[in-house]
Amino acid sequence: MASTPISASARIQHRVRTEPFWVRMTLLIVAFAFLLGFLLLPLTVVFVQAFSKGWSVYIAALLEPNALLAARLTLLTALIAVPLNLVFGIAAAWSIAKFEFKGKSLLITLIDLPFSVSPVVSGLIYVLMFGLQGWLGPWLQAHDIKLIFAVPGIVLATLFVTFPFVARELIPLMQSQGTEEEEAALVLGASGWQIFWHVTLPNIRWGLLYGVILCNARAMGEFGAVSVVSGHIRGQTNTLPLHVEILYNEYNSAAAFAVASLLASLALVTLALKSFFEWHLKEDATLTESTS
Amino acid sequence: MAYSFSTLIQKRGVLPGFSLTLGFSVLYLCLIVLIPLSATFLKAAPLGFQGFWDVITQPRVLASYRLTFGASLAAATINAFFGLLVAWVLVRYDFFGKKLIDALVDLPFALPTAVAGIALATLYSSKGWVGHLLAPYGIKIAYTPLGVVVALTFIGLPFVVRTIQPILEDFESELEEAAASLGANRWQTFSRVIFPTLAPALLTGFALAFARAVGEYGSVIFIAGNIPMVSEITPLLIITKLEQYDYAGATALAVSMLVVSFTLLLTINALQRWAHLRKF
């Protein structure tokens, strides 16, 4: 008898915050249909098409010399672009989160700029800088330096499109953590590097990994910007996404999807790691909240 | 003198490394982003205003603007509606595989655009899994402007979901209970209490999806068909002009797109500030 009022109020509370059963079911079905058509089926079709002609065709497409060279260039590009943007991200976040200065919000806006630029334009700006018709083109040609339609151009375009990833992850994270712990280390006699390695880095590691994994996914998957500066020379300036395009346009669909399935697997690994890092980030955030 | 120096330190912060990190950040930002972007604007200057205007008002260019902005608007609208629905379902309902679906929403961020492009083209062609269901009704998606809308919807999908989700999670249940106890039915509570709170975030997500769609290239070109005047997007036209060695034309188009992008960026910043203010 005594428990009735409580359960009744709980029931009412539940009822006012949820919809009738048929509404819930309709919403769920419509949402699922949308996600099926736009997420699940596109992902499935990649793997189904990749194996449509059997394992041997699949393996052959991945081990073909041009595919291997494209994979090598993709790895090389990411290996240069990700560490450089990581160093930039840490430096930018340190100066923005730990110090006060004029023009800070302008700097934050400028760091986000590459995200709002079309990938095609991101490639074009380097053609207009370093290409034959570009500002430095004649000088580069006179000194026999080739940046555009060559590997350096691909790296530059990738640097541009992946520029904000680490910085935009670290800036809000380090701002929310404040400067007390670092100042305590300073008072105890730690040097700048010691503070960074032993105090700041352990605090930001999950956010840092989160930024790095997204930066890497974009660096390995970038298509538009790289397409403009690459020149599409097989075996020399083709990355994996460009290799997919060439195979697909040659109606070599099974091979195109085989290489694409490799990139799709990379995307799935990225999503899994991202969820894992996000979970740690949330844990850290609730831990800070409960201790402070 | 010593006094003013110490107040400066107090105002700025006491930790080491300020000049080094800020100096490096600004230098790197200038080298990678600001100088190449400014160089593009300078490259367009010799055209003059008349020359610039002549390029960006060519019929083929105008047709590409109509398609790019029209399809982006359509895709962002579809995403605003379904993004709100997906966010609602993910936050409010319990079902099997919820965590997996939640993680999968970010697929368009992680999947290389070229892979998305060939997958969507295959899926929505008249022989594809989805396309062959629609073909008997005379609906063609791949290689028509509709295909562009489909690709741009895919690419913008996470933006609305991810901007609405946190707002919906933080939403105070007291407000809904108050509305219900004052006699509002469920639809009235949603449209008059919940929706107004979500509106700024919904608009921000819409703008983010639209901004991303306007510049998108990789996922579109495989499904679009790329017929001049019909299904040719502006970024593709830039590449076409570049391949014809029409550098002036490509630059003019790029500058017009940069102006649009920067305007959108400023709008989104303003929207986010507004959404932030509305929260408190």
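What you see is a predicted model; the values in this text were computed from it and never measured. Starting from 1, residues in each chain are numbered consecutively following that chain's sequence as written. Written order decides the labels, with chains lettered from A and ligands numbered from 1. Predicted model: local features are reported for residues with pLDDT of at least 70 only, side-chain atom pairs are reported and counted for 80 or more only, and whole-chain, interface and lining totals are derived from all residues.

Brief notes about the overall build of chain A
Where we set the bar: Comment: elements are numbered from the N terminus, with helices defined as DSSP H or I runs of at least four residues and strands as E runs of at least two. We take the radius of gyration over the C-alpha atoms and set the globule estimate at 2.2 Å times the residue count to the 0.38 power. For the exposure call, what matters is how many other C-beta atoms sit within 10 Å of a residue's own: 20 or more marks it buried, 12 or fewer exposed, and in between partly exposed, using C-beta atoms placed from the backbone. What counts as a contact is two residues whose backbone-derived C-beta atoms lie within 7 Å of each other.
In terms of regular secondary structure, chain A is built from 14 helices and zero strands. Listed N to C, the secondary structure of chain A is α-α-α-α-α-α-α-α-α-α-α-α-α-α in terms of helices and strands. For chain A, whose C-alpha radius of gyration is 25 Å, the value lies well above the compact-globule estimate of 19 Å for 292 residues. Its C-alpha atoms give chain A principal-axis dimensions of roughly 90 × 60 × 30 Å. Among the 292 residues that make up chain A, the fraction classed as buried is 44%. If you take every contact in chain A between residues at least 6 apart in sequence, the share linking residues at least 24 apart comes to 77%.

Quick look at the overall build of chain B
When you go through chain B residue by residue, the secondary structure sums to 14 helices and zero strands. For chain B, the N- to C-terminal ordering of α and β elements is α-α-α-α-α-α-α-α-α-α-α-α-α-α. Taking 280 residues into account, the globule formula puts the C-alpha radius of gyration at 19 Å, and chain B, at 24 Å, lies well above it. Seen along its three principal axes, the alpha-carbon backbone of chain B occupies a region of about 75 × 60 × 35 Å. Intrachain contacts of chain B at a sequence separation of at least 6 include 77% that bridge at least 24 residues.

Some thoughts on the domain arrangement of chain A
Often, the extent of an interface is quoted as the loss of accessible area on bringing the components together. Residue and element names in this part refer to chain A. Selection criterion: Note: domain ranges come from an automatic or database domain assignment. Three classes are used: nonpolar for Ala, Val, Leu, Ile, Met, Phe, Trp, Tyr, Cys and Pro, charged for Asp, Glu, Lys and Arg, and polar for all others, with Gly counted as polar.
Structurally, chain A comprises domain 1 (1-50) and domain 2 (53-291). For domain 1 versus domain 2, the separation of C-alpha centres amounts to 36 Å. Each side of the interface is counted separately: domain 1 has five residues, and domain 2 has eight residues. Of the residues contributing to the side of domain 1 that touches domain 2, the split by class is four nonpolar, one polar and no charged.

Comments concerning helix 7 (residues 113-124) of chain B
Residues and elements named next belong to chain B. What counts, and what does not: Each residue after the first adds 1.5 Å to the expected span of a helix.
If you check helix 7, its first and last C-alpha atoms are 16 Å apart, about what twelve residues at 1.5 Å a residue would give, namely 16 Å. For helix 7, the buried fraction is high: twelve of the twelve residues fall into the buried class. Those residues of helix 7 not exposed but buried are Thr-113, Ala-114, Val-115, Ala-116, Gly-117, Ile-118, Ala-119, Leu-120, Ala-121, Thr-122, Leu-123 and Tyr-124.

Let's talk about the nonpolar core
Here is the rule: In this usage, the nonpolar core is the set of buried Ala, Val, Leu, Ile, Met, Phe, Trp, Tyr and Cys residues whose C-beta atoms join them within 7 Å.
With 166 residues, the main nonpolar core has Leu124(A), Val259(A), Ala260(A) and Val115(B) as its most contacted residues. Residues lining this core come from more than one domain, with at least three contributed by each of domain 1 (1-50) and domain 2 (53-291) of chain A. Not counting chain neighbours up to four residues away, the residues in contact with Ala260(A) comprise Val46(A), Ala50(A), Val244(A), Val115(B) and Ile118(B).

Let's talk about unusual backbone geometry
Positive phi outside glycine occurs at Phe149(A), with the angle close to 60°. The exposure class assigned to Phe149(A) is partly exposed, which follows from the 19 C-beta atoms found within 10 Å. Residues other than glycine seldom take positive phi values, yet Tyr245(B) does so here, at roughly 60°. Relative to the helices and strands, Tyr245(B) is located in the loop between helix 13 (234-243) and helix 14 (247-279). Residue Tyr245(B) is classed as exposed on the basis of its C-beta count, with 11 C-beta atoms lying within 10 Å.

As for helix 2 (residues 21-50) of chain A
The terminal C-alpha atoms of helix 2 of chain A lie 41 Å apart, and with 30 residues this matches the ideal 44 Å at 1.5 Å per residue to within 8%. All of the buried residues along helix 2 of chain A are Ala31(A), Phe34(A), Leu35(A), Phe38(A), Leu39(A), Leu41(A), Pro42(A), Val45(A), Val46(A), Gln49(A) and Ala50(A).

Details of the packing of helix 9 (residues 165-177) of chain A against helix 11 (residues 192-221) of chain A
Residues and elements named next belong to chain A. Here is the rule we go by: Here, axes are lines fitted to C-alpha atoms. For helices the fit covers the stretch in contact, and angles between N-to-C directions go from 0 to 180 degrees. To sort the angles, those under 35 degrees are grouped as roughly parallel, those over 145 as roughly antiparallel, those from 65 to 115 as roughly perpendicular, and the leftovers as oblique. Each crossing gets its hand from how the near helix is turned against the far one by less than a right angle, where anticlockwise is left-handed and clockwise is right-handed.
Running from N to C, helix 9 and helix 11 point in directions that differ by 165°, and their axes come no closer than 8 Å. Classified by the angle between their axes, helix 9 and helix 11 sit roughly antiparallel to one another. Between helix 9 and helix 11 the crossing geometry is right-handed. The segment helix 9 lies against helix 11, with Phe-165, Val-166, Glu-169, Leu-170, Leu-173, Met-174 and Gln-177 engaging Asn-203, Ile-204, Gly-207, Leu-208, Tyr-210, Gly-211, Val-212, Leu-214, Cys-215 and Arg-218. Across the contact of helix 9 with helix 11, the residue classes break down as eleven nonpolar, four polar and two charged.

Points about the environment of Ser19(B)
Residue and element names in this part refer to chain B. Its location among the elements puts Ser-19 in helix 2 (residues 18-44). The exposed category is assigned to Ser-19, around which 10 C-beta atoms lie within 10 Å. Considered as a pair, Ser-19 and Val-105 are 86 residues apart in the sequence and their alpha carbons are 40 Å apart.

Points about the interface of chain A and chain B
Chain A puts 73 residues into the contact, and the matching count from chain B is 75 residues. Of the residues forming the side of chain A that touches chain B, the biggest block, 16 residues, is contributed by helix 2 of chain A. Classifying every residue of the side of chain A that touches chain B by side-chain character gives 50 nonpolar, 14 polar and nine charged.

Considering the confidence of the model for chain B
All names here are of chain B. Condition: Looking at any residue, its pLDDT shows the predictor's confidence there, from 0 to 100.
When the pLDDT values of chain B are averaged, the result is 91; 95% of them are 70 or greater. For chain B, the element scoring lowest by mean pLDDT is helix 1 (residues 2-12), at 56; helix 7 scores highest, at 97. Interface scoring of the predicted complex returns ipTM 0.91; its pTM is 0.92.

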